[in-house]
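Here is how the chains run, residue by residue.
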Amino acid sequence: MTELGQRLKEARNDKGLSLEEIQSITKIQKRYLLAIEEGNYELLPGNFYTRAFIKNYAEAVGLHGEELLEEYASEIPKANADVPESLPPRKMRKPSAPSKSSSASSKWSSVFPSVLVVLLIVGVAALIWYVVQSGDQKTNQNATTNQAEEQVTSDENSGSAPNSDEVSKEDESAASDDAAKDEKAKSDDEKAKDEAEEKPAEEKEDEPAPKMEIKKVKSDTDHSTYEIANAEKFEVKLEASGSSWVALTGASDKKYVYESLAKGKNVTEDLSSETSATLRLGSSPNIEVYVNGEKIDIPKEPVVQNVTFNFKKAE
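Residues numbered from 1 in each chain as written. Predicted model: local features only at pLDDT ≥ 70, side-chain atom pairs only at ≥ 80, totals over all residues. Heavy atoms only, no water.

I'm lost on the sheet that holds strand β9 (residues 294–296) in this one. Help?
Two modes of strand pairing occur in sheets, parallel and antiparallel, and in both the strands are linked by backbone hydrogen bonds. Ordered in space as β6-β3-β8-β9, the four strands form an open sheet in which the pairing is antiparallel. The open sheet has two free edges, formed respectively by β6 (266–270) and β9, since each of these has just one partner strand. Put simply, the sheet's adjacent strands are angled 25 degrees from each other on average, direction ignored. The pairing of strand β8 (residues 287–291) with β9 spans three bridges and is antiparallel. Note that in β9 the partner of Val289 across the bridge is Ile296. (Pairing = 2+ DSSP bridges. Helix = DSSP H or I, 4+ residues; strand = E, 2+ residues; numbered from the N terminus. Axes fitted to C-alpha atoms, helices over the stretch in contact; angles between N-to-C directions.)

In C-alpha cells form, the structure reads like this:
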C-alpha cells in the first residue's frame, strides 16, 4: 500500500465510510477504489481516470483533491495534456411531472379554440339574422310602394285621386320609418358583436399572473431534484465560503462552471436558454446556492452532492 492509499483509507475510516458507500457517492467501482488504496494503478483504465478517481475519492472523504494530486505528483501517473483531470457529471435524470400551474395553462390552451369557434358561430348567426331582417324590410317597403301606386290608380279611376304632395309625404314617412328600423337593427347587431369580442379579453385580463415557484420534487442521500416554474429567467449564483470543486452543466452539455472555487469567490450564471441543469459540489458545506435570488437548501452530508434543476419558463 502506498502512502497516498494509506492516507485515503485513514480518511475514509475516520468518516466511518465503507468502500461500498464511497462507490455510491463517487459512482466509481469498488475494485478501482481498492486498487487506489493499494497503489495498483495499473488496474485502472488509464492515467486520466487514475487522477480523476483519486481526486473524487479524496473529496468524498473530506480531503482537497487538487492539493492531494500536487502533493503526490511523483507517485501518481501523469495525465494527458488534452483531457481534463476531473470527470464530467453523470447525465441528469428525466424531468419530473409538470406542476399544477402547467396543467392549468394546458387546460386553458385546449379550451380557448372551442371558445373561439363559439364566438365565430355567434357572429355568423348574427350576420344571417341581419341579412334576413334587411330582406324582410325591403320586401315590406316594396309592398308599401306597390300599395300606394294601386291606391293612386284607383283614385284616378274613381275621379278622386290624391294630389302629388300627399303621396310624396306618405312615401317619405314610410322610407323614414324603414331607415330608422334599419339603423336600430344594425346598431343592436354591432353592439352584440362587440360585446362578444370584448368578453374573452376582459376575462383574460382578470387572471392573476402566476408566481415563481421553486420546489424540491425528489431527494436522495447525495442527489436532489428541484423544479422551477412560472419564472421568466433561470439564474444560478454560487457563493464559496470555503474551497470546493464545482461543476455546473446545462441540458445542452455546455459547462458554465467547471473549476475549484476558492473561499470568498462568487459566480453567477444565466441559464435561461436551458430547460434543465446539473450541479455537482465536491464539498457542499462550503458552497451556498441561489436560484433567481432564492437560496436552495442542499444537504451537507455526504459532502459530495449532486443537484438537478428542471426549468419551466413562464408563458
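Is there a simple way to think about the environment of Leu127 in this case?
Mapped onto the elements, Leu127 comes out in helix α6 (residues 100–158). On the basis of relative accessibility, which here comes to 52%, the residue Leu127 falls in the exposed class. C-alpha of Leu127 to C-alpha of Glu190: the two residues are 63 residues apart in sequence and 9.7 Å apart in space. (Buried < 20%, exposed > 50% of the residue type's maximum accessible area, 1.4 Å probe, protein only.)

Hey, could you run me through helix α1 (residues 3–14) in this one?
Residue pairs three or four apart in sequence face the same way in an α-helix, which turns once every 3.6 residues. In this model α1 runs 16 Å from its N-terminal to its C-terminal C-alpha over 12 residues, within 8% of the 16 Å that 1.5 Å per residue would give. Looking only at α1, the buried set comprises Leu4, Gly5, Leu8, Ala11 and Arg12. Seen from one end, α1 has its buried residues packed into an arc of 130 degrees, which puts them on one side. Turned more than 90 degrees off the buried face of α1, the exposed positions are Glu3 and Asp14. Residues of α1 that are buried make contact with α2 (19–26), α3 (30–38), α4 (47–60) and α5 (65–71). (Expected span 1.5 Å × (residues − 1). Arc of directions from axis to C-beta. Contact = heavy atoms within 4.5 Å.)

Before we go on, may I ask you to explain the packing of aromatic side chains in this structure?
Two numbers describe a pair of aromatic rings. These are the distance of the centres and the angle of the planes. Applying the stated criterion to the full structure yields six aromatic pairs. With a centroid separation of 5.8 Å and 55 degrees between ring planes, the pair formed by Tyr49 and Phe53 is classed as tilted. In this pair, Tyr49 and Phe53 are both assigned in helix α4, four residues apart and thus about one turn of the helix distant. Judged by relative accessible area, which is 8%, Phe53 ranks as buried. Among the aromatic residues, those joined into a cluster by ring pairs are Tyr32, Phe48, Tyr49 and Phe53. Over the ring of Tyr258 we find Lys255; its NZ or CZ atom is 5.4 Å from the centre of that ring. (Phe/Tyr/Trp six-rings, centres within 6.5 Å; stacked < 30°, edge-to-face > 60°. Lys NZ or Arg CZ within 6 Å of the ring centre and 35° of its normal.)

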